[in-house]
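Given next are the chains, with one letter for each unit.
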Amino acid sequence: MTVRTRIAPSPTGFPHIGTIYQVLIDFAFARKAGGKFILRLEDTDRARFVEGAEDVIYSSLAWFSLNPDESPKIGGPFAPYRQSERLPIYKKYSDELIAKGHAYYCFCTRERLEEMRKNQEAHHLPPMYDKTCLKLTPTDVKAKLDAGVPHVVRMNVPVHEKIAFDDLVSGHIEFDSDVIDHQVIMKSDGFPTYHFGVVVDDHLMEITHVFRGKEWISSTPKHVLLYQYFGWKMPVHGHLPLILNEDGKGKLSKRHGHASVDYYRKLGYLPEAVLNYLSNIVWNHPEGKEIYDLDEFIKRFDVEKITSQGPRFDLKKLDWVNGQYIRALTDDALQTRVSEFDERVSRADAKLVAKTMPLVKERMHVLSDYWSLASFFFTKPDSFETPLRKDMLSGLYETLTPVDWKHEPMEQSIRQLAEKNSWKPKDVFMQLRLAVTGKTVGPPLLESLEILGKEETLIRLSVELDSHYPSFEEKIVGKKP
Ligand code: GLU
């Protein structure tokens, strides 16, 4: 048996980070078993369809290097992989279920169904189809079909039956068939619903293992029934714990920017670090390691050891992991990554970027940090996070003008300046940082100034004095480098 796993996203926008975590499990499980990982597009909900979302799915998977072996884009032996292109297949199988009595036509209008629902609500009954059309005679059905009355197809659920399945992650699960609705399997527009499409396609595409979020577990009994009706072997199912918000309350919601894969790409996370983080939150490395690559995960991972509790998404921890990956890169490799990520860096003087890399690297969590920490090496600051102090700036200008441009003598003279004026040294260093970088935090200051050079440092001090304190211009005139 060749292991075949699949991800079956709907093209409704940027993939959720939870989808990537599922892909990671699908991918790792298939690779470990020497099997295949498939991407099928579940695009049957036309109302939620988002133009371009399919491409974003491909590019997101490619970014994480989790490319499928078969997909709508690259094809494969079970094409087509877009459900909207498989409508005749669903029709054939739905006809088969109708013929066997496991499904039936339903002609109820929207108004009737709404009224039914209101009634159920008023009587505190669960919202379920009341099986009206199940009572239609074959002659009634034929007459309505011949008259072209709009209809859907519903599955016929047995009464008082136990429906059970063994879940790879959550163990043995049982449902009472009486709580299962007579689910629509074919909509009036000829499209299948999720429940029907997923079963037909997982079977026809020879999927052996279905991993999906726990939110789908209540759908699974319907799928179990459909497999039974067709007499098909059901793939092994594993319902994965959902990634929760940081406070542990609820699924990581789209309200949070970081639920979307886009967030990680835009801020410059390293995809390999995000994958490492995602694997860490649902699985413990047998040696307690926190940092390991995808190959190691594939080798060591055991799906049965996945935590059944929903892990919390902790951005700070992810930043830590990402920082570890950044620091594990050579300076050259990091420069390449940052330049690919940020056009401003790719346009900057590469030699200067190379000089700054060792200083900035230590303080980076994500690639976008480079420019916010290091832009001052390339451009003068145009704003200042806290107010500048004229007295300290002019003192610094005069003190630094004659100094040998190495960080030790610079430090010594700044300390002397502070002592002479009874200033706190840290305040003086902060003024220097502010005037030169515009920021209150950044890479080690004096080492940075060594790279920036004396001339530029003094220009920045004097320009700031000029523009903030015009009267100072006269005082330092002639001293400008
Ligand atoms: N189309 C479903 C989704 O959007 C697939 C669920 C499943 O994996 O069965 O997630």
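Anything mentioned here points back to the structure above.
Residues numbered from 1 in each chain as written. Predicted model: local features only at pLDDT ≥ 70, side-chain atom pairs only at ≥ 80, totals over all residues. Heavy atoms only, no water.

Asks: What am I meant to see in the overall build of the chain here?
Replies: Tallying secondary structure elements over the chain gives 21 helices and 9 strands in all. With the principal axes as the frame, the chain shows a C-alpha extent of 105 × 50 × 40 Å. Burial analysis of the chain (481 residues in total) assigns 50% to the buried set. In the chain, the proportion of contacts linking residues at least 24 apart, taken out of those at least 6 apart, comes to 74%. Carbon together with sulfur atoms contributes 53% to the accessible area of the chain, which is approximately 23100 Å² in total. Distance between charge centres in the chain, computed from 65 positive and 69 negative side chains, equals 1 Å. (Helix = DSSP H or I, 4+ residues; strand = E, 2+ residues; numbered from the N terminus. Buried < 20%, exposed > 50% of the residue type's maximum accessible area, 1.4 Å probe, protein only. Contact = heavy atoms within 4.5 Å. Areas by Shrake-Rupley, 256 points an atom, 1.4 Å probe, with all protein chains shown as cover. Lys, Arg positive; Asp, Glu negative; His and termini not counted. Charge placed at Lys NZ, Arg CZ, Asp CG, Glu CD.)

Asks: In this structure, what is going on with the sheet that holds strand β3 (residues 103–106)? I would like to understand it.
Replies: Sheet strands pair by backbone hydrogen bonding; their relative direction is either parallel or antiparallel. Strand order in the open sheet formed by 3 strands is β3-β4-β7, and the pairing between neighbours is antiparallel. Every other strand in the sheet has two partners, leaving β3 and β7 (184–186) as the edge strands with one partner each. Recorded for the sheet is a direction-independent mean angle of 45° between the axes of neighbouring strands. In the packing of helix α3 (residues 87–100) onto the sheet, contacts are made with β3, β4 (152–155) and β7, and the angle to β3 comes to roughly 105°. (Pairing = 2+ DSSP bridges. Axes fitted to C-alpha atoms, helices over the stretch in contact; angles between N-to-C directions.)

Asks: Sorry if this is basic, but what is going on with the pairing of strand β2 (residues 36–39) here?
Replies: Each regular strand shows side chains that alternate between the opposite faces of the sheet. In this structure, strand β1 (residues 4–7) lies alongside β2, joined through 4 bridges in parallel fashion. What sits directly across from Ile7, in β2, is Leu39. Where the polypeptide runs from β1 across helix α1 (residues 17–32) and back to β2, its parallel neighbour, the crossover connection is right-handed. (Right-handed = clockwise from strand over helix to strand, strands pointing away.)

Asks: Looking at this model, I keep getting lost on the nonpolar core. Mind explaining?
Replies: Core analysis: the biggest nonpolar cluster contains 93 residues, and Ile25, Leu278, Phe313 and Leu432 have the highest contact counts within it. Ranked by residues supplied to this core, first place goes to α1 with 10 residues. Every residue in contact with Leu432, bar those within four places of it in the chain, is listed here: Leu396, Leu400, Ile414, Leu445, Leu446, Leu449, Thr457 and Leu461. Counting residues in hydrophobic clusters, the runner-up holds 31 residues, among them Tyr90, Ile180, Leu225 and Tyr229. (Core = buried A, V, L, I, M, F, W, Y, C linked by side-chain atoms within 4.5 Å.)

Asks: Just checking my understanding: could you explain the environment of Tyr194 for this structure?
Replies: Note on placement: Tyr194 falls in helix α6 (residues 194–204). For Tyr194 and Glu290, which are 96 residues apart along the polypeptide, the C-alpha to C-alpha distance reads 37 Å. Those residues in contact with Tyr194, other than ones at most four positions away along the chain, are Glu42, Arg212, Trp216, Ser219 and His223.

Asks: Please explain the side chain of Arg4 as it appears in this structure.
Replies: Within the element layout of this structure, Arg4 appears in strand β1. The class for Arg4 is buried, based on a relative accessible area of 7%. A polar contact of 2.8 Å, which involves the side chain of Arg4, links it to the side chain of Glu70. Among the polar contacts listed, one links the side chain of Arg4 to the backbone oxygen of Glu206, at a separation of 3.5 Å. (Polar contact = N/O pair within 3.5 Å; in protein donor to acceptor, adjacent residues only side chain to side chain.)

Asks: Explanation requested: unusual backbone geometry in the structure shown.
Replies: Leaving glycine out, the prevailing phi sign among residues is negative, and the prevailing peptide bond configuration is trans. With an omega of 0°, the peptide bond running from Ala79 to Pro80 counts as cis. The residue Pro80 is located in the loop between α2 (53–63) and α3 in this model. Here the phi dihedral of Glu206 falls at roughly 55°; this positive angle occurs in a residue that is not glycine. Mapping Glu206 onto the fold places it in the loop between α6 and β8 (209–213). We classify Glu206 as partly exposed; its relative accessible area is 48%.

Asks: Help me understand the packing of helix α16 (residues 390–400) against helix α18 (residues 425–437) in this model?
Replies: Any two packed helices are characterised by how steeply their axes cross, that is the angle between the axes, and by the distance between the axes. Relative to each other, α16 and α18 sit at 85°, their axes nearing to 10 Å. In this view, α16 runs roughly perpendicular relative to α18, as classed from their interaxial angle. Residue-level inspection shows Met392, Leu393, Leu396 and Leu400 of α16 in contact with α18, the latter providing Asp427, Val428, Gln431, Leu432 and Ala435. A class-by-class count of the residues in the contact of α16 with α18 yields 7 nonpolar, 1 polar and 1 charged. (Parallel < 35°, antiparallel > 145°, perpendicular 65-115°, else oblique. Nonpolar A, V, L, I, M, F, W, Y, C, P; charged D, E, K, R; others polar.)

Asks: Explain α3 to me, please; I cannot follow it from the model alone.
Replies: Residue pairs three or four apart in sequence face the same way in an α-helix, which turns once every 3.6 residues. End to end, α3 covers 20 Å across 14 residues, agreeing with the expected 20 Å (1.5 Å per residue, within 8%). For α3, the complete set of buried residues consists of Tyr90, Tyr93, Ser94, Leu97 and Ile98. Angular distribution of buried residues about the axis of α3 spans 145°; they occupy a single face of the element. Every exposed residue of α3 that faces more than 90 degrees away from the buried side is listed here: Pro88, Lys92 and Ala99. Looking at the packing, one finds that the buried side of α3 touches β3, β4, β7, α6 and α7 (220–230). (Expected span 1.5 Å × (residues − 1). Arc of directions from axis to C-beta.)

Asks: Please explain the site of the ligand as it appears in this structure.
Replies: Around the ligand, the neighbouring residues are Arg6, Ala8, Ser10, Glu42, Tyr194, Val198, Arg212 and Trp216. A distance of 2.7 Å separates an oxygen atom of the ligand from a polar atom in the side chain of Arg6. Between the ligand and Ser10 there is a distance of 3.3 Å, counted from an oxygen atom to a side-chain nitrogen or oxygen. Considered on its own, the ligand offers 300 Å² of accessible surface; in the complex 83% of this is hidden by protein. Grouping the amino acids of the shell around the ligand by side-chain chemistry returns 4 nonpolar, 1 polar and 3 charged. (Near = heavy atom within 4 Å.)

Asks: What is the right way to look at the pairing of β3 in this model?
Replies: Of the two faces of β3, the one holding Ala103 and Tyr105 and the one holding Tyr104 and Cys106 are both buried throughout. Pairing analysis gives 4 bridges linking β3 to β4, with the strands arranged antiparallel. Paired with Tyr104 across the strands is Arg154, a residue of β4.

Asks: Any chance you could explain the packing of α1 against helix α9 (residues 271–282) here in plain terms?
Replies: At a minimum axis separation of 10 Å, α1 and α9 run at an interaxial angle of 80°. In terms of axis orientation, α1 runs roughly perpendicular to α9. Of the residues in α9, those touching α1 at Ile17, Ile20, Tyr21, Leu24 and Ile25 are Val274, Leu275, Leu278, Ser279 and Val282. Residue classes in the contact of α1 with α9 are distributed as 9 nonpolar, 1 polar and no charged.

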